[in-house]
Amino acid sequence: MVKNIAVIRGDGIGPEIVNEALKVLDKVAELYGHTFNYTDVDMGGCAIDKHGDPLPESELNKCVKSDSVLLGAVGGNKWNDVPGNMRPEKGLLRLRAGMGVYSNNRPAKIWPQLADASPLKKSIVDEGIDFIIVRELIGGIYFGEHKTVDDTAIDVLTYSEAEIERIGRIGFETARKRNKKLCSVEKSNVLDSSRLWRKVMHLLAKEYPDVELSDMLVDNCAMQIVKNPAQFDVIVTENMFGDILSDEASMITGSIGMIPSSSLGATTCGLYEPIHGSAPDIAGKDVANPVGTILSAAMMLRYSFDMNEEADAIENAVSGYLDAGYRTADIMSEGMTLVGCKQCGDLIINHIKKE
Ligand code: NAD
């Protein structure tokens with residue numbers, strides 16, 4: 001297959017971690033007979049320096065025309081004083097809007113080799129933690145009317161059936177590619193928008209008889225994620241609940257440098273990026289952990305290109321690299337071998353095998 005990938009290296013550690021992910025994609029292309037063409041896109045602080053704009057229209061167009069986008073991270077202290085609508089992060093918001101992505105998908109997975117890094121009890125971690133939170137990204141209370149009248153503040157929460165249905169479909173489709181269990185999370189004992197959410201999810205479930213749908217109230221879900229995370233496969237939820245639950249879920253895995261994410265809309269063209277930022281404190285030192293970006297590339301293969309075997313090959317290679325005892329500084333522990341960003345990429349490539 002031939003795929004055209006827009007590549008946003010961005011700022012801080014962005015260029016270093018993206019380089020390693022591209023090396024991994026090249027290895028997969030070679031082993032499986034694919035061609036991945038890369039188009040560089042300027043976004044973030046580097047685009048402000050070069051074009052005076054965090055995401056010029058011409059750069060956005062490269063992303064929209066691609067088969068998918070791989071992003072490192074943007075931002076840094078250097079651009080703290082630029083006006084709000086010109087800040088590096090504005091580029092990211094414009095990119096999401098321009099690509100029409102309305103779901104953000106974050107896996108929470110504990111690698112058994114890193115079980116000690118989790119703040120949870122060993123007995124809970126040993127049950128296995130491997131689920132994805134599918135969060136609605138461009139609706140709900142964050143996008144409703146916000147106003148303050150005298151001593152009263154008002155934030156409006158609205159969801160239409162159509163908005164719920166399209167994120168619901170991403171939840172069901174994601175579950176279909178995993179263990180076929182979808183948990184819909186809402187607050188239907190209190191909120192009308194949640195009662196509509198529950199109704200639409202159950203209507204959709206008729207189209208996905210192979211996926212088992214369950215409902216959970218958000219307060220219970222917040223408890224279950226720390227009490228019994230092994231029960232979850234895919235969680236689908238609205239914007240604000242997803243914002244909070246996905247941060248909770250990423251904390252239980254123990255390392256911010258290991259977690260990938262995807263953002264998807266109506267087409268297969270998705271945005272793939274690690275959940276961390278540009279880490280200016282360690283930029284240019286060859287110490288960043290590139291695994292979150294490498295696993296984002298694996299998600300791109302699985303969810304946008306339908307290349308499941310290739311995605312498995314990358315994930316197995318990461319597991320093999322950890323098994324061999326290599327660790328970047330952020331996840332280093334006693335008895336392990338310390339490696340830098342480039343060496344980490346090289347070692348993972350050596351572990352990629354065509355099954
Ligand atoms: P951060 O995620 O960049 O860093 C937080 C801490 O985690 C730092 O100590 C950093 O060294 C460490 N860290 C992060 N990624 C790592 C990796 N791959 N390997 C090893 N250690 C890693 O968060 P921050 O410091 O709050 O933000 C820094 C900049 O990034 C800011 O300008 C912020 O706006 C931006 N940011 C961008 C994105 C994005 O591009 N999607 C997301 C979040 C923050």
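Okay, so let's go over this structure.

Cut-offs applied
- Residues numbered from 1 in each chain as written.
- Predicted model: local features only at pLDDT ≥ 70, side-chain atom pairs only at ≥ 80, totals over all residues.
- Heavy atoms only, no water.
- Helix = DSSP H or I, 4+ residues; strand = E, 2+ residues; numbered from the N terminus.
- Rg over C-alpha atoms; globule rule 2.2 N^0.38 Å.
- Buried < 20%, exposed > 50% of the residue type's maximum accessible area, 1.4 Å probe, protein only.
- Contact = heavy atoms within 4.5 Å.
- Areas by Shrake-Rupley, 256 points an atom, 1.4 Å probe, with all protein chains shown as cover.
- Lys, Arg positive; Asp, Glu negative; His and termini not counted.
- Charge placed at Lys NZ, Arg CZ, Asp CG, Glu CD.
- Near = heavy atom within 4 Å.
- Polar contact = N/O pair within 3.5 Å; in protein donor to acceptor, adjacent residues only side chain to side chain.
- Nonpolar A, V, L, I, M, F, W, Y, C, P; charged D, E, K, R; others polar.
- Pairing = 2+ DSSP bridges.
- Axes fitted to C-alpha atoms, helices over the stretch in contact; angles between N-to-C directions.
- Phe/Tyr/Trp six-rings, centres within 6.5 Å; stacked < 30°, edge-to-face > 60°.
- Lys NZ or Arg CZ within 6 Å of the ring centre and 35° of its normal.
- Arc of directions from axis to C-beta.
- Parallel < 35°, antiparallel > 145°, perpendicular 65-115°, else oblique.
- Left-handed = near helix turned anticlockwise from the far one by under 90°.
- Salt bridge = Lys/Arg side-chain N within 4 Å of Asp/Glu carboxyl O.
- Right-handed = clockwise from strand over helix to strand, strands pointing away.
- Expected span 1.5 Å × (residues − 1).

A separate point is the overall build of the protein. Summing up its helical and strand segments, the protein has twelve helices and 14 strands in all. Computed over the C-alpha atoms, the radius of gyration of the protein is 20 Å, within 12% of the 20 Å expected from 2.2 N^0.38 for a compact globule of 355 residues. The proportion of buried residues among the 355 residues of the protein is 53%. The contacts in the protein between residues at least 6 apart in sequence include a share of 75% that link residues at least 24 apart. As presented, the protein carries roughly 15,400 Å² of accessible surface, and 51% of it is formed by carbon and sulfur atoms. Side-chain charges of the protein comprise 37 positive and 52 negative groups, with the mean position of each set lying 2 Å from the other.

Attention now moves to the site of the ligand. The environment of the ligand is made up of 20 residues, and the closest members are Val74, Glu89, Gly277, Ala279 and Asn289. One of the side-chain nitrogen or oxygen atoms of glutamate 273 is found 3.2 Å away from a nitrogen atom of the ligand. A distance of 2.8 Å is found between an oxygen atom of the ligand and a backbone nitrogen or oxygen belonging to alanine 279. Surface burial for the ligand is 67%, taken as the share of its 820 Å² of free accessible area covered by protein chains. Considered class by class, the residues forming the shell around the ligand number nine nonpolar, seven polar and four charged.

Below, the discussion takes up the sheet that holds strand β12 (residues 271-274). Spatial ordering of the open sheet is given by β2-β1-β3-β12-β11-β4-β5-β10-β8-β9, a layout of ten strands whose pairing is mixed. Two strands lie at the open edges of the sheet, namely β2 (35-40) and β9 (212-217), each paired on one side alone. The average undirected angle you get between the axes of adjacent strands in this sheet is 25 degrees. As judged from the seven bridges shared by strand β4 (residues 101-109) and strand β5 (residues 130-136), these two strands associate in the antiparallel manner. If you follow serine 103 over to β5, its bridge partner there is glutamate 136.

This part covers the packing of aromatic side chains. Evaluated as defined, the whole model comprises five aromatic pairs. Measuring from ring centre to ring centre gives 5.8 Å for tyrosine 159 and tryptophan 197, while their planes differ by 70 degrees; the resulting arrangement is edge-to-face. Of the two residues, tyrosine 159 is situated in the loop between β7 (152-155) and α6 (161-176) and tryptophan 197 in helix α7 (residues 192-205); the sequence distance between them amounts to 38 residues. Considered together, tyrosine 159 and tryptophan 197 belong to a single accessibility category, that of buried residues. Positioned above the aromatic ring of tyrosine 102 is the side chain of arginine 166, whose terminal nitrogen or guanidinium carbon lies 4.2 Å from the ring centre.

Burial in helix α3 (residues 57-64) covers these residues: Glu59, Leu60 and Cys63. Along the axis of α3, the buried positions cluster into a sector of 100 degrees, meaning they face one direction only. Where α3 is buried, its residues meet β1 (2-10), β2, α2 (45-51), β3 (68-73) and α4 (88-99).

Here the focus is the packing of helix α10 (residues 291-304) against helix α11 (residues 308-323). Here α10 crosses α11 at 160 degrees, and the two axes come no closer than 7 Å. Taken together, the axes of α10 and α11 are roughly antiparallel relative to one another. Judged by the twist between their axes, the crossing of α10 over α11 is left-handed. Here Val291, Ile294, Leu295, Ala298, Leu301 and Arg302 of α10 lie close against α11, whose contacting residues are Asn308, Glu310, Ala311, Asp312, Ile314, Glu315, Val318 and Tyr321. Across the contact of α10 with α11, the residue classes tally to nine nonpolar, one polar and four charged.

A separate point is the side chain of glutamate 310. Residue position: glutamate 310 is located in helix α11. The buried charged residue glutamate 310 lacks any salt bridge partner; its closest oppositely charged side chain belongs to lysine 354, at an N-O distance of 7.5 Å. Sequence-distant contacts of glutamate 310, defined by excluding residues within four places in its chain, comprise Val28, Tyr32, His34 and Leu301.

Next up on the list: the pairing of strand β8 (residues 181-186). Along β8, five of the six residues are buried, which leaves the element largely enclosed by surrounding structure. Where β8 and β9 come together, six bridges link them in parallel fashion. By the bridge assignment for β9, serine 184 is matched with aspartate 215. Since β8 and β9 lie parallel, the crossover through α7 that links them has a hand, and here it is right-handed. Summarising the sheet, β8 and strand β10 (residues 234-237) pair through four bridges and their orientation is parallel.

Between its first and last C-alpha, α6 extends 22 Å over 16 residues, near the 22 Å set by a 1.5 Å rise per residue. All of the buried residues in α6 are Ile164, Ile167, Gly168, Ile170, Gly171, Phe172, Thr174 and Ala175.

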